[in-house]
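What follows is the residue order along each chain.
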Amino acid sequence: MKIVIASDYGGVTIRKEIISLLKELKMDYIDLGCDCSTSVDYPDYAFPAAKKVADGEADRGILICGTGIGMSIAANKIQGVRCALVHDTFSAKATREHNDTNMLAMGERVIGPGLARDIVKVWLEASFDNGSRHETRINKINEFENNQLLHG
Ligand code: RB5
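Let us now look at the site of the ligand. In the vicinity of the ligand, the residues found are D8, Y9, Y42, C65, G66, T67, I69, G70 and R109. One of the backbone N or O atoms of T67 is found 2.9 Å from an oxygen atom in the ligand. At 2.8 Å from an oxygen atom of the ligand is found a main-chain nitrogen or oxygen belonging to G70. Expressed as a share of its isolated accessible area of 290 Å², the protein-covered part of the ligand is 75%.

So, on to the pattern of salt bridges. Summed over all chains, the structure comprises nine salt bridges. The partner of D31 in a salt bridge is R15, and the shortest N-O contact between them spans 2.9 Å. One end of the pair, D31, is in strand β2 (residues 28-31); the other, R15, is in helix α1 (residues 12-24), and 16 residues separate them in sequence. A salt bridge links R117 to E24, with the shortest nitrogen-to-oxygen separation between them at 2.7 Å. Of this pair, R117 sits in helix α5 (residues 113-125) while E24 is found in helix α1, placing the two residues 93 residues apart along the sequence. By relative accessible area, which is 16% here, R117 ends up buried.

Criteria and thresholds
Residues numbered from 1 in each chain as written. Predicted model: local features only at pLDDT ≥ 70, side-chain atom pairs only at ≥ 80, totals over all residues. Heavy atoms only, no water. Near = heavy atom within 4 Å. Polar contact = N/O pair within 3.5 Å; in protein donor to acceptor, adjacent residues only side chain to side chain. Areas by Shrake-Rupley, 256 points an atom, 1.4 Å probe, with all protein chains shown as cover. Salt bridge = Lys/Arg side-chain N within 4 Å of Asp/Glu carboxyl O. Helix = DSSP H or I, 4+ residues; strand = E, 2+ residues; numbered from the N terminus. Buried < 20%, exposed > 50% of the residue type's maximum accessible area, 1.4 Å probe, protein only.

Any functional reading would require information that these geometric values do not contain.
What follows is the structure, encoded as structure tokens:
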């Protein structure tokens, strides 16, 4: 599984922590930065990362900003991306099993690096509940998204 990871200046510490976790897990990853301590705009990092997931260049994506909110809003604008803002391990598991999320967003001003590692581990390991009522719901979202793009 290949992971794309990105943060704005508010998420650099947790991004580095997650990169060391991905190395420990011997997972392939693409790091899109930022390596900055001054203000940058989170959409400039969320969009390229989300496009890599949508285009299949990466299987999953992880985004970190101060709250995780801006990153998740931006990522969810890209067709095919289902990005969840998660700050607990219960939701990390549920959002894979129920929502088949392909991106995860977290906020460095909300949680610490230890919890972020646990969330990522759980999220990477959990699988979508294929063939369940959840699949019907994801299909409805995909259908809506495709129709909106075709007909506005
Ligand atoms: C940056 O100041 C902050 O707004 C950003 O990291 C994020 O929390 C936005 O949602």
